[in-house]
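A look at the structure
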Amino acid sequence: MIYKPFKDISLSCLGMGNMRLPHRDDLPGKPIDREKGGEIIDLAMKNGVNYYDTAYVYGDSEEFLGDVMPAYKRDSYYLATKFNIGANPDYKAVFEEQLKRCKTDYFDFYLLHAVGDGNKDRYIESGCIEYFEEMRKQGKIRYFGYSAHASHETLRSFADFKDWDFTQIQLNYYDWLFGGAKGEYEILKERNVPVIVMEPVRGGRLASLTPEAEEMLKKAHPDRSIASWAFRWVKRLSQVQVVLSGMSDLEQMRDNIGTFSDEEALTDEEEKLLFEACTMFKSQIQVPCTGCRYCVDNCPSQIDIPKMMEIGNNFRINGEWALHPLRDTDKPTPKDCVGCGACTEHCPQGIDIPSLMSEMAEKI
């Protein structure tokens, strides 16, 4: 395991995210499987992973860590959790509850959770920042930071609000190319703020690409997993402190331990190849709808087809959550498609719209 210095301690470059552990589907509430989850934690500890991340809103993740981590010396690992003002604004009660859940006297890393454009001011005005600073003075928090899903303007403003110890952002090669990750990283690097990385494999989406994109990478390195390319790309970034991975089985843990057993990052040529594969991947999973709306007027169900295509593209890269707008609406959705094909006749791109409507309808 490779490590990087942080303040007065040393952190493993691979961190354990505890949001995607295996669950017991046969029990009420589908709690984390203590046996399987415990095996994953034990393998991580035995291989030098010393950063463990959870949050107040990650199901029973805090309780799980409270059950399994006492088996290890408290100074052999660093525990991180988060306060989410949207889940419960009573920060004092939440903090005390978290200490009890995790069966600990202090948190090594404590974060304001998911700071964004809509809640930044609420965090600032609530008094929670001053309270958590007081908890730090009392030794109940060692390092204080925040995770962000924010515009560049909001991130820049919040980064300058105070002298934060670290910041956690979503950072992966897909969002670097097609999202705002590059700008976020540069904002933090300019301020010399250590970066904790979340979603380096984009919730697992970058662990499996299209066959053609995977072939490009496998041809260059047959022995590497597709996911390891994402991690080795992040290792190029000097401001990155810890890379979190939400490992859900032992095989993922072993693969990641192998990736972080040395400091080998992608070369410039390998990065170029990865970006080419990523561009191909995006083009192959995205429907080339231009939003011309020629298809809409003839739809007997009055479906906003371009909007459905946009949501479908979002679903293909972001997963199930992207379909929520279709589950909470009284407007026509892909479920209302009758498959008449009138839309296809008017599509300049020749998109098989009925087939895509049927695909989405099965997921809603």
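Preceding block: the structure.
Residues numbered from 1 in each chain as written. Predicted model: local features only at pLDDT ≥ 70, side-chain atom pairs only at ≥ 80, totals over all residues. Heavy atoms only, no water.

Digging into the overall build of the protein
The secondary structure content of the protein amounts to 16 helices and ten strands. Computed over the C-alpha atoms, the radius of gyration of the protein is 22 Å, within 12% of the 21 Å expected from 2.2 N^0.38 for a compact globule of 364 residues. Structurally, the protein occupies a C-alpha span of about 70 × 50 × 45 Å along its principal axes. Taken over 364 residues, the protein has a buried fraction of 53%. When the accessible surface of the protein is summed, it comes to about 16,800 Å², and 47% of that surface belongs to carbon and sulfur atoms. (Helix = DSSP H or I, 4+ residues; strand = E, 2+ residues; numbered from the N terminus. Rg over C-alpha atoms; globule rule 2.2 N^0.38 Å. Buried < 20%, exposed > 50% of the residue type's maximum accessible area, 1.4 Å probe, protein only. Areas by Shrake-Rupley, 256 points an atom, 1.4 Å probe, with all protein chains shown as cover.)

A look at the layout of surface pockets
Its volume calculated, the largest pocket comes out at about 1,100 Å³. Looking at the largest pocket, it is lined by 40 residues, and the ones nearest its centre are Arg20, Glu199, Arg202, Gly203 and Gly204. Those elements that provide at least two residues to the lining of the largest pocket are strand S6 (107-115), strand S8 (166-170), helix H10 (226-234), strand S10 (240-245), helix H11 (250-259) and helix H13 (305-318). Split into classes, the residues belonging to the lining of the largest pocket amount to 14 nonpolar, 18 polar and eight charged. (1 Å grid on protein atoms, 1.4 Å probe; cavity = no way out; pocket = protein on both sides within 12 Å on 5 of 7 lines; lining within 4 Å. Points joined across faces, edges and corners; volume = space filled by probe spheres on them. Nonpolar A, V, L, I, M, F, W, Y, C, P; charged D, E, K, R; others polar.)

Comments concerning the pairing of strand S7 (residues 141-148)
Every regular strand shows the same layout, with side chains that alternate between the two sheet faces. In terms of residue burial, S7 counts as a mostly covered element, since seven of its eight residues are buried. Inspection of the sheet shows S7 paired to S8 by four bridges, in the parallel sense. Bridge pairing links Ser147 to Gln168 in S8. For the crossover from S7 across helix H6 (residues 152-159) to S8, the handedness is right-handed. (Pairing = 2+ DSSP bridges. Right-handed = clockwise from strand over helix to strand, strands pointing away.)

A look at the sheet that holds strand S3 (residues 14-17)
Pairing is parallel around the closed barrel formed by eight strands, whose spatial order is S3-S4-S5-S6-S7-S8-S9-S10. Neighbour to neighbour, the strand axes of the sheet diverge by 30° on average, direction disregarded. Along the sheet, helix H8 (residues 181-190) makes contact with S7, S8, strand S9 (195-198) and S10, crossing S8 at roughly 170°. (Axes fitted to C-alpha atoms, helices over the stretch in contact; angles between N-to-C directions. Contact = heavy atoms within 4.5 Å.)

As for the pattern of salt bridges
By the definition in use, this model includes 32 salt bridges. One salt bridge connects Glu264 with Arg224, and the closest N-O pair in it is separated by 3.0 Å. Here the residue Glu264 occupies a position in the loop between H11 and helix H12 (268-285), and Arg224 occupies one in the loop between helix H9 (211-220) and H10, the gap between them amounting to 40 residues. Overall, the relative accessible area of 7% leaves Arg224 in the buried class. With a closest N to O distance of 2.8 Å, Arg327 and Glu320 form a salt bridge. By relative accessible area, which is 41% here, Glu320 ends up partly exposed. Through salt bridges with shared partners, one network takes in Arg224, Arg232, Lys235, Asp262, Glu264 and Glu270. (Salt bridge = Lys/Arg side-chain N within 4 Å of Asp/Glu carboxyl O.)

Looking at the packing of aromatic side chains
Per the stated rule, a full pass over the model turns up 30 aromatic pairs. On the basis of an interplanar angle of 85° and a centroid distance of 5.0 Å, the ring pair of Phe6 and Tyr143 is categorised as edge-to-face. Separated by 137 residues along the polypeptide, Phe6 in strand S1 (residues 3-6) and Tyr143 in strand S7 bring together distant segments of the chain. Judged by its relative accessible area of 2%, Phe6 falls in the buried class. We classify Tyr143 as buried; its relative accessible area is 7%. Ring centres 5.8 Å apart and planes at 70° place the aromatic pair Phe95 and Phe107 in the edge-to-face group. Of this pair, Phe95 sits in helix H3 (residues 91-102) while Phe107 is found in strand S6, placing the two residues twelve residues apart along the sequence. (Phe/Tyr/Trp six-rings, centres within 6.5 Å; stacked < 30°, edge-to-face > 60°.)

Some thoughts on the packing of H13 against helix H16 (residues 353-363)
When two helices pack together, their arrangement is given by the angle between the helix axes and by the axis-to-axis distance. Put simply, H13 and H16 touch, their axes get as near as 11 Å, and they point 60° apart. Judged by the angle between their axes, H13 and H16 are oblique. Pair H13 / H16 crosses with left-handed handedness. Here Ile305, Met308, Met309, Ile311, Gly312, Phe315 and Arg316 of H13 come into contact with H16, specifically with Ile353, Leu356, Met357, Glu359, Met360 and Lys363. (Parallel < 35°, antiparallel > 145°, perpendicular 65-115°, else oblique. Left-handed = near helix turned anticlockwise from the far one by under 90°.)

So, to be careful, I would describe these as geometric facts and stop short of saying anything about function.
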